[in-house]
Amino acid sequence: MAFKRSNVPGEDIRLAMEMTAKRRQLIDETPATPLVYEYGVNRLAKALHPGFVKAVIADKTPCSSDCVKITLKLSDGGEFPYFRAGQFVTLSCKAGDSYLSRPYSIISSPKEALAGKLEIMVQRKGIFSSFIIDEAPSGTELWMGEPSGDFYHDSIRDRSHILAIAGGSGVTPFLSMMKAIREGSEDFRLTLVYGARTRAHIPFDPEAFKCEGVETVVVLSEEEAEGYKHGFITADLLKKYVDDDTSVFMCGPDAMYRFVGKELESIGFDPARIRQERNSVGDREVDEIKAFRLTVHIRDTVYELDANNNETLITALERAGIPAVVRCRNGSCGFCHSRVVDGNYYIAKKDDFRRLADRKFNYIHPCSTYPESDMIIDIPIMNP
Ligand code: FES
């Protein structure tokens with residue numbers, strides 16, 4: 001109730017004296033219904049950005065000599081949040097005394113996920129992937145981060161034809177994109193050039209994705225077979241599929257990025273139109289492995305653990321069973337943003353995506369940071 005100021009002398013005092021009675025009257029007339037704390041927009045925001053949710057492994061299907069398709073369902077039977085074809089989810093769980101986590105590209109299309117089923121493809125490589133394939137039976141419950149990442153087609157940034165170049169399990173974001181084009185939820189053309197050693201190493205059926213707007217080309221390096229190219233993904237092959245309306249998306253090992261990047265350079269392809277999905281930051285090579293003492297503050301809880309100079313701080317935290325906040329594991333999303341209270345550390349230039357202010361005020365991304373002395377850090381709390 002607003003108090004209106006009056007120009008009549010003494011009137012303000014009279015109005016102020018009436019206010020208490022008027023307020024009492026308004027309170028008495030107001031129904032005693034609870035206040036609304038959640039509006040439609042809050043529910044929509046929660047559905048799109050649920051943070052971490054619980055999901056269970058519903059099915060596992062082998063799809064090549066070293067890849068397995070994993071079907072996930074939400075533990076509460078609900079719908080997966082909407083995502084753009086090409087995004088990833090981060091899975092994590094407790095295994096023994098440690099935490100394990102890793103991001104995986106989604107291979108389902110956005111429409112399939114809305115129907116309550118989300119699929120990822122896991123290659124038997126690394127501790128967590130081997131755990132998921134060999135040790136986690138159907139029904140195993142995992143934490144799943146909401147869909148993330150910017151490796152999707154953006155019509156403002158990217159051309160209308162995508163030349164997708166992939167090797168190994170790097171094909172996964174493109175499987176989702178090809179399905180999305182087929183179902184009509186994405187509107188661009190995609191040519192997939194996929195490199196594999198032999199047909200046994202191909203984790204998808206190239207014929208199954210053929211549709212208007214999608215072409216697949218498989219290049220085998222160690223086998224000659226009808227319907228497949230033989231050799232490597234070279235400039236001679238690539239120049240057949242690039243034109244003025246092409247952007248290149250690459251997903252695979254760093255060695256592939258270096259090789260294909262040089263081939264594209266040799267045909268004069270504009271590097272500004274090349275995008276690479278970043279790989280997780282792993283262990284680094286050091287002359288001598290040293291263990292440092294790491295003190296970790298999560299709000300008012302303090303942990304003490306050892307951290308080796310060849311492993312990232314996130315790896316050390318997870319090994320010690322501390323549930324650290326993590327999403328991309330490559331230093332780019334900023335989700336694990338933490339403060340260094342004391343100590344020295346190393347971040348490779350290619351993995352340092354911190355803002356200028358973060359560098360100045362000693363903030364780091366533990367997923368891409370290696371300890372170089374005893375350290376004290378302050379990390380965020382998991383939201384579950
Ligand atoms: S998890 Fe993305 S920056 Fe660390």
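Quantities reported herein were computed from a predicted structural model and do not represent experimental measurements.

Below, the discussion takes up the sheet that holds strand 9 (residues 214-220). Read across the sheet, six strands follow the order 10-9-8-7-11-12 without closing on themselves; strand pairing throughout is parallel. Each having just a single partner strand, strand 10 (229-230) and strand 12 (274-276) make up the two edges of the open sheet. Note that strand 8 (residues 189-196) and strand 9 share seven bridges and pair parallel. Each residue of the ladder has a partner; that of Tyr-194, found in strand 9, is Val-218. Seen against the sheet, helix 5 (residues 172-183) touches strand 7 (161-167), strand 8, strand 9 and strand 11 (246-251) and runs at an angle of roughly 150° to strand 8. Contacts between helix 7 (residues 254-266) and the sheet are confined to strand 7, strand 11 and strand 12, with strand 11 contributing the most and set at about 160° to the helix.

Let us now look at the pairing of strand 15 (residues 338-342). Alignment of strand 15 against strand 17 (residues 363-364), held across two bridges, turns out to be antiparallel. The residue of strand 17 that forms the bridge with Arg-339 is Tyr-363.

This brings us to the domain arrangement of the chain. Note: interface size is frequently given as the accessible area lost on complex formation between the parts. Domain parsing of the chain yields domain 1 (46-145), domain 2 (161-276) and domain 3 (291-378). Spacing between the C-alpha centres of domain 1 and domain 2 amounts to 24 Å. Contacts between domain 1 and domain 2 engage 15 residues on the former and 17 residues on the latter. Counting residues per element, the ones that place at least two in the side of domain 1 that touches domain 2 are helix 3 (110-114) and strand 5 (118-123). Taken together, the residues that form the side of domain 1 that touches domain 2 break down as seven nonpolar, seven polar and one charged.

Mapped onto the elements, Asp-59 comes out in strand 1 (residues 52-62). Each C-alpha atom, one on Asp-59 and one on Pro-137, is 8.8 Å from the other, the two residues being 78 residues apart in sequence. Leave out the neighbours within four places in its chain, and Asp-59 touches Thr-71 and Ser-138.

Taken together, the six strands give an open sheet; going across it, the order is 4-3-6-1-2-5, and neighbouring strands pair in antiparallel fashion. In this open sheet, the two strands that pair with only one neighbour each are strand 4 (98-105) and strand 5. Ignoring which end each strand starts from, the neighbouring axes of this sheet average 40° apart. Two elements, strand 3 (residues 88-95) and strand 6 (residues 141-145), share two bridges in a ladder whose sense is antiparallel. Looking across to strand 6, one finds that Ser-92 is bridged to Trp-143. Against the sheet, helix 4 (residues 127-135) contacts strand 2 (67-74), strand 3, strand 4 and strand 5, and its axis sits at roughly 90° relative to strand 4.

Quick look at unusual backbone geometry now. Despite not being glycine, Arg-299 has its phi angle at roughly 50°, a positive value. Tracing the backbone shows Arg-299 in the loop between strand 13 (291-298) and strand 14 (301-308). Among the residues examined, Arg-299 registers 9 C-beta atoms within 10 Å and is labelled exposed.

What follows concerns the nonpolar core. Most often, soluble globular proteins keep nonpolar side chains buried together rather than apart. One finds Ile-120, Ala-164, Ile-165, Ala-166, Phe-174, Leu-190 and Leu-192 to be the most contacted residues of the largest nonpolar core, which totals 59 residues. The greatest single-element share of this core, amounting to six residues, is contributed by helix 5. Residues lining this core come from more than one domain, with at least three contributed by each of domain 1 (46-145) and domain 2 (161-276). Once you skip the residues sitting within four places of it in the chain, Ile-120 turns out to touch Ile-70, Leu-72, Tyr-104, Ser-105, Ile-106 and Ile-107.

Before going further, it helps to examine helix 7. Here helix 7 is 13 residues long and its end C-alpha atoms lie 19 Å apart, about the 18 Å a rise of 1.5 Å per residue gives. Of all the positions in helix 7, only Met-256, Tyr-257, Val-260 and Leu-264 are classed as buried. Burial along helix 7 is one-sided: seen end-on, the buried residues are contained in an arc of 95°. Pointing more than 90 degrees away from the buried face of helix 7 are the exposed residues Asp-254, Ala-255, Arg-258 and Lys-262. Next to the buried residues of helix 7 lie strand 7, helix 6 (235-238), strand 11 and strand 12. Looking one or two residues past helix 7, Gly-268 carries a phi angle of roughly 75°, positive in sign.

What counts as what
- Residues numbered from 1 in each chain as written.
- Predicted model: local features only at pLDDT ≥ 70, side-chain atom pairs only at ≥ 80, totals over all residues.
- Pairing = 2+ DSSP bridges.
- Helix = DSSP H or I, 4+ residues; strand = E, 2+ residues; numbered from the N terminus.
- Contact = placed C-beta atoms within 7 Å.
- Axes fitted to C-alpha atoms, helices over the stretch in contact; angles between N-to-C directions.
- Domains from an automatic or database assignment.
- Nonpolar A, V, L, I, M, F, W, Y, C, P; charged D, E, K, R; others polar.
- Buried ≥ 20, exposed ≤ 12 C-beta atoms within 10 Å, placed from the backbone.
- Core = buried A, V, L, I, M, F, W, Y, C linked by C-beta atoms within 7 Å.
- Expected span 1.5 Å × (residues − 1).
- Arc of directions from axis to C-beta.

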